[in-house]
Amino acid sequence: MKPYASLTAKNQVGRIRAAIEGVVESEWGISVSSLRLVSHEYNTIFRVDAGHLRYALRVNVASAHPLDKMRAEIAFVQHLSEAKTFKVADPIPKADGSFIANISIPNFGRPVHAVLYEWLPDPTVGDLATAEIMSSLGRATHELHLLGASFSFAGTPFPSLTEPYYGDPYRLPEQDLDLPLFEECADRVACVFAKLESHPKIPIHADLHLHNIKFGRAGLSVFDFDDAMISWPIMDAAISMWYFRNLTKAPELEAHYWEGFGRSSAEFGLTSEEFETLVAARTLLLVNDIVGTQNARAREEAVPFVRRCEALLRHFLNSRRFAPWEVPE
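Just so you know, these numbers come straight off a predicted model, no measurement behind them.

(A) Molecular detail of helix H6 (residues 234–247). In a regular helix each residue adds 1.5 Å, so 14 residues correspond to 20 Å; H6 covers 20 Å between its end C-alpha atoms and thus fits that length. Of all the 14 residues making up H6, 12 are buried; the element is thus mostly covered by neighbouring parts of the structure. Buried within H6 we find Ile-234, Met-235, Asp-236, Ala-237, Ala-238, Ile-239, Ser-240, Met-241, Trp-242, Tyr-243, Phe-244 and Arg-245. The secondary structure elements touched by the buried residues of H6 are helix H4 (131–149), helix H5 (179–196), strand S7 (202–204), strand S10 (229–231), helix H7 (254–261) and helix H8 (272–290).

Encoded structure:
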């Protein structure tokens, strides 16, 4: 059997589907009527239909988090859900009361874990941001941070986001990229992190982009806390801005986010340039991720993505602003 990493995206999904066949029934005791692929971009998500009920099964093929980190994620989501200040997807316990299933994918190279979550019915925002959505995202982020400050967990805490590559293995040397460019940007990020050290850290989402929120009549809902970490609240804002600025040419909508967020980067002692450095920092993580991915579709997109990121970082160093709409495709 071929190694998982050598397969096409279609065949990777097929192998994952075969590996999870019957898992929801055996682990969660739920009778499945259909299993539909939602996403095979980072981790792999399936929609599980069980009669009139729906769930989202996340298979952690990309994030190799230890079980303790996943347990902290689940406890954090439950903490947010209990507060009911904004909607999150509740984790679904298995028949034995635990939440995480072990999945064996042939020739994958490591154990894989899966978690079942409540299905959120509203449409994913994606790149269709509006002033109302951006304001709602800012408010939800602020509320998330208030709740994060009161979160306690008896097990191993979240890892801390305190260096430019989030603690991931450093994969950039010997890759086909402008390494000095990335190293210069990483040094700038490290200097801003050092300046933030005097500010308190709390659990944050750490991946609050517009494909991880839904919006409908009941308002905004947030999902995918797989990357949750301990860090400074301003990092959630910087991460959101990286994705938002790459998805739209309407930077004026950003003001609505800050209105909802109710804080500014200056409250964290940062200059405008230092905040822009935090926005640009997400580029380092994403390039480091894509050069080490097993995902077939991401591997196909790796070279153009890296070239685009190099252009964005050069523009950032020249202008001291992270402004993708000013960088030709």
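(B) Molecular detail of the pattern of salt bridges. Counted according to the given criterion, the structure contains 24 salt bridges. Note that Lys-94 is salt-bridged to Glu-27, the shortest N-O span being 2.9 Å. One end of the pair, Lys-94, is in the loop between strand S4 (87–88) and strand S5 (100–103); the other, Glu-27, is in helix H2 (residues 23–28), with 67 residues separating them in the sequence. Close ionic contact of Asp-178 with Arg-314 constitutes a salt bridge, the shortest N to O distance being 3.2 Å. Residue Asp-178 is located in the loop between H4 and H5, and its partner Arg-314 is located in helix H9 (residues 296–319); the two are separated by 136 residues in the primary sequence.

(C) Geometry of the environment of Pro-159. Following the sequence through the fold, Pro-159 ends up in the loop between H4 and H5. As a C-alpha pair, Pro-159 and Ala-95 span 64 residues in sequence and 29 Å in three-dimensional space. Setting aside residues no more than four positions away along its own chain, Pro-159 makes contact with Lys-69, Met-229 and Ile-230.

(D) Region of the structure containing the pairing of strand S3 (residues 53–59). Across the 7 residues that make up S3, a large majority, 5, are buried. Taking the residues that link successive antiparallel strands as the turn, the strand S2 (residues 44–50)-S3 hairpin has 2 residues, and the phi of Gly-51 there is positive, at about 65°. As defined by bridge partners, S3 adjoins strand S6 (residues 112–118) across 5 bridges and the pair is classed as antiparallel. Pairing of Leu-57 across the sheet is with Leu-116, part of S6.

(E) Representation of H7. Taken residue by residue, H7 has Glu-254, Tyr-257, Trp-258, Gly-260 and Phe-261 as its buried positions. One face of H7 carries all of its buried residues, which in axial projection span an arc of 160°. Among the exposed residues of H7, those oriented more than 90 degrees off its buried face are Ala-255 and Glu-259. Lining the buried residues of H7 we find H4, H6 and H8.

(F) Structural detail: the sheet that holds S2. Here 5 strands make up an open sheet; going across it, the order is S1-S2-S3-S6-S5 and the pairing antiparallel. The open sheet is flanked by strand S1 (34–40) and S5, the only strands paired with a single partner. Each adjacent strand pair in this sheet contributes to an overall mean axis angle of 30°, direction not counted. Packing against the sheet, helix H1 (residues 9–20) makes contact with S1, S2, S3 and S5, and its axis sits at approximately 135° to S1.

(G) Quick peek at unusual backbone geometry. If you check the backbone angles, Asn-107 has positive phi at about 55° while not being a glycine. Take Asn-107: it is sitting in the loop between S5 and S6. Under the relative-accessibility criterion, Asn-107 is labelled partly exposed at 43%. With a phi close to 60°, Asp-224 is a non-glycine residue in the positive phi region. Note on placement: Asp-224 falls in the loop between strand S9 (219–222) and S10.

Basis of the calculations
For every chain, the first residue of its written sequence is number 1, and the numbers climb from 1 along that sequence. Local features in this predicted model are restricted to residues of pLDDT 70 or higher, and side-chain atom pairs are both shown and tallied only at a pLDDT of 80 or more, whereas totals for entire chains, interfaces and linings draw on every residue. The side-chain values count all of the structure's non-hydrogen atoms but skip hydrogen atoms and water molecules. Secondary structure elements follow DSSP: runs of H or I of four or more residues count as helices, runs of E of two or more count as strands, with numbering from the N terminus. How far a helix is expected to stretch is found by multiplying one less than its residue total by 1.5 Å. With a 1.4 Å probe rolled over the protein chains alone, any residue whose accessible area is under 20% of its type maximum counts as buried; one over 50% counts as exposed, and the rest are partly exposed. Contact definition: two residues touch when any of their heavy atoms are within 4.5 Å. Here, a salt bridge means any side-chain nitrogen of Lys or Arg that lies within 4 Å of a carboxyl oxygen of Asp or Glu. Here, any two strands with at least 2 DSSP bridges between them count as paired. Note that the arc is computed from the directions linking the helix axis to the C-beta atoms. What counts as an axis is a line fitted to C-alpha atoms, over the stretch in contact for a helix, and the angles between N-to-C directions run from 0 to 180 degrees.

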